[in-house]
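One-letter residues, chain by chain:
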Amino acid sequence: MTNKNDSVPVLVAVAWPYASGSRHLGHLAGAYLPADVFARFQRLAGNEVLMVSGSDVHGTPITVRADSEGTTPSDIVDRYHKEFLDNWEKLAISWDLYTSTGTDNHSEVTHDVFMKLFEKGHIDKRSSEQFYDEDAGRFLPDRYIEGVCPHCEYPEARGDQCENCGRTLDPEELIKPISKISRSEPTLKETEHFYLRLSDFQEPLSKWLSGREGWRNHVLNFSKGWIEEGLHDRAITRDLDWGIEVPVEGIGAGKKIYVWFEAVIGYLSAAKEWSKNNGSEDDWKKWWTNPASRSVYFIGKDNIPFHTIIWPAMLIGYGGLNLPSNVPANQYVTFKGGKASASRGVGLTITESLEVFEADSLRYALAASFPEQSDTELTVEEICRRINEELVATWGNLVNRVLSMIYNSCDAQIPSPELRNDEDLALLKGIDQIIELVAEEIDKVELRAALQKGMSGAAEVNAYLNSMEPWKLSKTDPERAATVLGTALSAIAGVRVCLAPYLPFSTGLLNDVLGPVNSWRREEPEHGKKIEKPKPLFKKVDKSLLGLDD
RNA sequence: GGCGACGUAGCUCAGUUGGUGAGAGCGCGCGAUUCAUAAUCGCGAGGUCGACAGUUCAAGUCUGUCCGUCGCUACCA
């Protein structure tokens with residue numbers, strides 16, 4: 001296992017939340033929370049973690065939303081960026097930097113990557129025809145064009161897809177296309193765009209992917225499938241007002257870098273921004289150019305090709321930067337069988353959830369259901385059940401019963417470890433083994449199994465107490481009772497280490513008694529120390545008060 | 001339509017490269033216990049591993065077909 005002597009830099013790269021609307025529990029369970037658990041563990045294991053992300057502030061859905069609300073894209077972005085920051089604070093997501101793609105730094109880094117790929121010939125310029133709105137004086141994104149669907153004759157099909165029959169469309173296929181902006185008929189007009197020559201990277205990517213070990217099967221299969229179908233060059237500029245400027249003269253006004261190209265660069269630009277903020281401009285290289293560094297990308301499965309194909313292609317083209325060590329993409333959390341979606345009202349948003357659940361309780365319930373291998377069905381009922389029947393009953397109650405007994409029958413003093421017998425030591429040995437096993441699981445990003453393993457430690461301590469019956473010993477053999485309770489408290493200190501990455505708030509509540517968790521091992525409680533009258537770590541959820549129709 | 005995945009106890013899910021009688025948590029039943037947020041501990045019932053066919057000495061695990069569910073299909077990212 002890792003320790004201080006062979007500390008490894010670990011880049012924890014987290015999907016950039018799209019500032020087009022509230023994020024929901026699927027996003028939280030899919031990317032942000034697993035990343036936080038992983039990062040917290042790596043820090044405790046003594047590794048140098050850099051965990052970065054930020055709000056993705058560009059892209060069509062944001063402009064669409066702004067238009068429909070009669071406001072500006074930056075208003076939309078500000079609103080949701082603020083909401084996200086509030087979400088992260090309430091959940092204690094431990095970013096080293098949470099920024100946005102709207103910074104000057106991000107533009108500069110994006111331009112640098114663009115120009116390097118351009119100079120190396122991996123980006124070239126091509127002409128194509130696109131719909132142009134004469135009245136509005138602008139080119140139209142596909143979804144700004146409406147018309148009659150050629151398949152089902154639905155009258156309000158969008159240029160990218162018909163909502164009625166579900167087929168994907170090209171805008172040229174629409175019968176009687178009209179611009180959503182001016183309601184006039186758009187005309188096809190020639191426009192020039194830059195393309196990323198993904199086809200240049202077919203071979204190196206294929207080779208790179210076939211050497212990946214320890215990756216999740218669905219991630220590898222999906223990525224290899226993409227490559228086998230053949231990689232197509234993709235346009236990386238758009239005729240838009242909202243986005244990052246194209247850093248080349250003479251391509252024409254009103255062109256911006258397409259958001260999929262610049263958003264992934266955020267991982268790099270955020271690392272550089274963090275470096276500048278923290279004094280040493282070159283610190284980012286520790287995670288990006290040092291071959292011993294690990295970079296782990298936490299994303300949902302819908303983002304897989306961008307992180308296993310496109311971003312690696314850009315990195316290979318750029319040269320000298322680390323490719324992803326692992327992309328443990330999660331599957332979906334589903335609600336009533338369907339993918340969570342805030343816009344369609346499926347499932348809860350993070351903000352809504354935090355209004356009814358304590359942060360640690362929510363973190364526990366989601367972590368216990370991380371969709372690591374397959375889509376996982378989640379309901380409000382299930383979240384309550386996880387909290388009340390597992391978290392509170394097994395762990396919260398364990399802490400409370402032990403502290404209460406120490407408070408009531410040991411003079412509120414942490415007992416001495418001196419008189420421990422073989423049974424006591426066997427319990428602690430078992431807990432220490434669990435701590436090691438949990439470390440292995442988390443390091444493999446098997447976070448759900450690791451949490452269950454940690455909770456099994458709490459069950460072992462409960463079993464130990466039931467067998468020792470310190471509440472009886474306190475009447476017949478107070479000294480032995482104290483030893484048992486001291487042993488149980490020490491075991492709790494061990495279990496707490498396992499749960500610390502998952503439950504930062506309630507772990508912190510024990511700091512007064514046990515001291516802070518500073519490393520990945522059980523610390524013996526300070527005997528003789530006085531404790532306060534214990535309070536429960538968690539509140540039970542009263543389902544009847546929730547009033548939620550999931 | 002094409003591609004990817006999923007379909008294992010009432011529920012949510014695990015099941016490395018095919019190999020002793022199929023697992024966990026919760027729920028349920030019985031018993032123990034009463035220190036603790038009516039919490040805990042022990043035991044138990046419960047599954048022809050979606051269907052059919054095939055490969056093999058041996059398949060939940062490989063192959064094919066079918067049924068069902070979900071997602072993607074490149075201008076959402």
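These numbers were taken from a predicted model, which means no experiment stands behind them.

**Some details on the overall build of chain A**
So, point 1. For chain A, the helix and strand inventory stands at 20 helices and 17 strands.
So, point 2. A compact globule built from 550 residues should have a C-alpha radius of gyration of about 24 Å, and chain A, at 27 Å, falls within 12% of that.
So, point 3. Within chain A, the proportion of its 550 residues that are buried is 55%.
So, point 4. Within chain A, contacts between residues separated by at least 24 positions form 77% of all contacts whose residues are at least 6 apart in sequence.
So, point 5. When the accessible surface of chain A is summed, it comes to about 23600 Å², and 46% of that surface belongs to carbon and sulfur atoms.
So, point 6. Once the 60 positive and 83 negative side-chain charges of chain A are each reduced to a mean point, those two points are 3 Å apart.

**Considerations on the sheet that holds strand 13 (residues 255-257)**
So, point 1. One open sheet holds the three strands; their spatial order is 11-13-12, and the pairing between them is antiparallel. The strands lining the two open edges of the sheet, one partner per strand, are strand 11 (237-239) and strand 12 (244-245).
So, point 2. Taken together, the three bridges between strand 11 and strand 13 define a ladder with antiparallel strand orientation. Bridge pairing in strand 13 places Asp239 opposite Lys255.

**Observations regarding the side chain of Asn326**
So, point 1. Positionally, Asn326 belongs in the loop between helix 10 (304-318) and strand 15 (333-335).
So, point 2. Assessed through its relative accessible area of 13%, Asn326 is described here as buried.
So, point 3. Not counting the four nearest positions on each side in its chain, Asn326 is found in contact with Gly214, Trp215, Ser295, Val296 and Tyr297.

**Quick look at the confidence of the model for chain A**
So, point 1. Confidence in the prediction of chain A, expressed as mean pLDDT, is 89, and 94% of residues score 70 or more.
So, point 2. For this predicted complex, the interface score ipTM comes out at 0.91, while the overall pTM is 0.92.

Cut-offs and rules
Residues numbered from 1 in each chain as written. Chains lettered and ligands numbered in written order. Predicted model: local features only at pLDDT ≥ 70, side-chain atom pairs only at ≥ 80, totals over all residues. Heavy atoms only, no water. Helix = DSSP H or I, 4+ residues; strand = E, 2+ residues; numbered from the N terminus. Rg over C-alpha atoms; globule rule 2.2 N^0.38 Å. Buried < 20%, exposed > 50% of the residue type's maximum accessible area, 1.4 Å probe, protein only. Contact = heavy atoms within 4.5 Å. Areas by Shrake-Rupley, 256 points an atom, 1.4 Å probe, with all protein chains shown as cover. Lys, Arg positive; Asp, Glu negative; His and termini not counted. Charge placed at Lys NZ, Arg CZ, Asp CG, Glu CD. Pairing = 2+ DSSP bridges. pLDDT = per-residue confidence, 0-100.

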